[in-house]
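# Coordinate analysis (summary)
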Amino acid sequence: GEVWAFEPLPQVRQRLEGNVARFAGRPGFAPCRVFDAALSDADGTARLEIPDGFAGNQGLAKIGADGVEVPTARLDTLLAGREVG
């Protein structure tokens, strides 16, 4: 199997990729692929709002009208032609 992780914010993705690299190849950990995108119902871009308190909890960001532009991807597009079990 393989784990797919989605993280559109560069600073958070960098930490994620470091953690993935740190655990790669260890027994009990599946291979992990990190995508530079937020999952969405459309391929393209969206605005990711970074609210107050983000520095203490980087899970607070959300898609909204304002914020930093990030790439988006549909899972169906990414899985096209792949067998999923």
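What this report covers is the structure whose coordinates are included nearby. (Residues numbered from 1 in each chain as written. Predicted model: local features only at pLDDT ≥ 70, side-chain atom pairs only at ≥ 80, totals over all residues. Heavy atoms only, no water.)

## Details of the packing of aromatic side chains
The full count for this structure, using the stated rule, is four aromatic pairs. Between Phe 6 and Phe 35, the aromatic rings sit 4.8 Å apart at their centres with planes inclined by 15°, giving stacked as the arrangement. Placement of the pair is Phe 6 in strand E1 (residues 3–6) and Phe 35 in strand E2 (residues 32–35), with a sequence separation of 29 residues. Looking at Phe 35, the relative accessible area reads 10%, which means it is buried. Centre to centre, the rings of Phe 23 and Phe 29 are 4.9 Å apart; their planes meet at 40°, and the pair counts as tilted. Since its relative accessible area comes to 27%, Phe 23 is described here as partly exposed. Among the aromatic residues, those joined into a cluster by ring pairs are Trp 4, Phe 6 and Phe 35. Above the ring of Trp 4, the side-chain terminus of Arg 33 is found at 5.6 Å from the ring centroid. (Phe/Tyr/Trp six-rings, centres within 6.5 Å; stacked < 30°, edge-to-face > 60°. Helix = DSSP H or I, 4+ residues; strand = E, 2+ residues; numbered from the N terminus. Buried < 20%, exposed > 50% of the residue type's maximum accessible area, 1.4 Å probe, protein only. Lys NZ or Arg CZ within 6 Å of the ring centre and 35° of its normal.)

## Some remarks on the sheet that holds strand E4 (residues 44–49)
On the basis of which strands lie adjacent, the open sheet formed by four strands has the order E3-E6-E4-E5 and mixed pairing. This sheet does not close on itself; its edge strands, each paired only once, are strand E3 (38–39) and strand E5 (62–64). (Pairing = 2+ DSSP bridges.)

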